[in-house]
Amino acid sequence: MKKHLLGAAAAVALIFGTGSAFADMAAAKRWVDTEFQPSTLTKDQQLKEMEWFIQASKPFAGMQIKVVSETIPTHDYESKVLAKAFEEITGIKVSHDLIQEGDVIEKLQTQMQSGENIYDGYINDSDLIGTHFRYPYTVNLSQWMAGEGKDVTLPTLDVKDFIGISFTTAPDGSIYQLPDQQFANLYWFRYDWFQRADFKKQFQELYGYELGVPVNWTAYEDIAEFFSEHVREIDGKAVYGHMDYGKKAPDLGWRFTDAWLSMAGAGDKGLPNGKPVDEWGIRVDGCRPVGSSVTRGGATNGPAAKYALRKYMEWLRKYAPPGALGMDFYQSLPSLAKGNVAQQIFWYTAFTSAMVQPGPTVNEDGTPKWRMAPSPHGPYWEEGMKLGYQDAGSWTLLKSTPVDRRKAAWLYGQFTVSKTVSLKKSHVGLTIIRDSDIRDKSFTERAPKLGGLVEFYRSPARVLWTPTGTNVPDYPKLAQLWWQNIGEAVAGEVTPDAAMDNLAREQDRVMARIERAGIQGECGPKLNPEKKAEDWLSADQSPKAMRNERPKGETLDYDQLIKTWEAAEKKG
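Fair warning: this is a prediction, and the values are worked out from it, not measured in the lab.

**Q** Just checking my understanding: could you explain the state of the cysteines for this structure?
**A** By definition, a disulfide links the sulfur atoms of two cysteine residues through a covalent bond. Summed over the entire model, instances satisfying the criterion amount to 1 disulfide. With a sulfur-sulfur separation of 2.1 Å, C287 is cross-linked through a disulfide to C523. Handedness of the C287-C523 disulfide follows from its S-S torsion of about -90 degrees: it is left-handed. Here C523 lies in the loop between α22 (496–517) and α23 (533–536) and C287 lies in the loop between β8 (283–285) and β9 (288–291), a separation of 236 residues in the sequence.

Pasting the structure below:
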């Protein structure tokens, strides 16, 4: 009987090409028919794309490659499903490791510094674009696709269709990373609570304006106070007006470098990042970083940055659920699903897929009781500035990887973002990378159950949410300074003002070391001489002088906001 079953399994393998030795169109057809739907391509177009992968992969059939990414649902799908499909279709076996983001950066940094080939491909955040284009370690993908990697570059890749391609393009005009997944940091709130007539009436009486989506931080603070101190309980359960996390760990640093300062209004106008001062408070002259401290023209320890840290700490202590102060990023994620939080100013849309599962925050018909909306801005923010953060995990190739392994990894990377698979992957992880995908009818049909995600990504507003930009010359070295210094403030070891002063000073020290090393060439740091802070502070540009930090609260009606987005989309 066992022999009979083994024979049948072998026959199936021969027919469908499930083993790497039998990579052919039969395997591609099976995957297109059973897994890669929906797609913006027809099935014939999908099979043509898969035929190209089969032909391009022939020189590497039987090779085993290793790639790595952080652990989020999108990458879990790639590791468990797409890697298997790629092997069956092309014959290239992929070990797709999933580790925490900090570990991805550590592995990447080790490979860059040692020259040892740890991984053949990395999905790392486009936050490292300033690092990649300055150091001589990363493959320039524009040159690669036109030259050495031309024979393994997908003709239907359609780079212009990637909504985050500007994030991975350096000042020299070259692409250094290829977006694989993308998600924004938006405002999240309990739409059902905000619609209650009794809450609306009570809020109006207390604060003098409508309960709605907060436009500024004053309104956010008022709403946090309202639910924590006035509503207090709903259906017998204690409720809170705010959610965040404060554990001293690497993700506390990302909590701030992920545009928290720019949300408050630190940095200059400009998209995708402020110029000459960005949201990290780093000033550049051309492409050269020249300082973080206010005394060097930076804004890392300017009034807006110090205000941002103070408000974060104040809200966390006054309005968040018990225990939030000791949580890290990963521990805090399930909190909203418990149904006892009214709003969160800093919420990553990557976790939409978890928030639409049955539970206290989802209606019986599958529609959410919550919505996502634009982030409110602080008092230093002005029109023309970025308003929040988008994560753009992107394929990155290093020169230390042997060319044949690099080509095989590039094939797999393109496979995971190809139009054959990208729409289905977008529905699984809800981390959309292609404009053609978000505009597909399948997302129009699903939109009512996604709480505003589709409307946001179809709206012209999405360009105001961007990753860390090119002002940051060495993300791995500088990012670790943030959680260490901010963690000291959160723990009460130093004041918020002292924490930002220390952070700015330490960033300047790191950039001074990079300047002395001279490895980054004409775009490497060259620090400004120090002046009095007063010589730099300005009413209009960063570093900005202190201003009224509590203007009148302002809100918008959510449904009217969505109509405005839809009208702008149709007009555009």
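On we go from here.
**Q** Would you take a moment to explain unusual backbone geometry for this structure?
**A** Trans is the prevailing form of peptide bonds, just as negative phi is the prevailing case for residues other than glycine. Of the consecutive residues Q37 and P38, the connecting peptide bond is found in the cis state with omega at 0 degrees. Topologically, P38 is positioned in the loop between α2 (25–34) and α3 (43–57). Backbone geometry places L430, a non-glycine residue, at a positive phi of 55 degrees. Residue classification places L430 among the buried positions, given a relative accessible area of 0%.

**Q** Please clarify how the pattern of salt bridges should be interpreted in this entry.
**A** Side chains that differ in charge, positive against negative, can pair when their charged atoms come close. For the structure shown, the criterion picks out 35 salt bridges. Put simply, D508 and R296 hold a salt bridge, and the shortest N to O gap is 3.3 Å. Separated by 212 residues along the polypeptide, D508 in helix α22 and R296 in the loop between β9 and α13 (303–319) bring together distant segments of the chain. R310 is paired through a salt bridge with D497; the nearest N and O atoms lie 3.5 Å apart. With R310 in helix α13 and D497 in helix α22, this residue pair connects regions lying 187 residues apart in the sequence. The class of D497 is partly exposed, set by a relative accessible area of 33%.

Conventions used here
- Residues numbered from 1 in each chain as written.
- Predicted model: local features only at pLDDT ≥ 70, side-chain atom pairs only at ≥ 80, totals over all residues.
- Heavy atoms only, no water.
- Disulfide = S-S within 2.5 Å.
- Helix = DSSP H or I, 4+ residues; strand = E, 2+ residues; numbered from the N terminus.
- Buried < 20%, exposed > 50% of the residue type's maximum accessible area, 1.4 Å probe, protein only.
- Salt bridge = Lys/Arg side-chain N within 4 Å of Asp/Glu carboxyl O.

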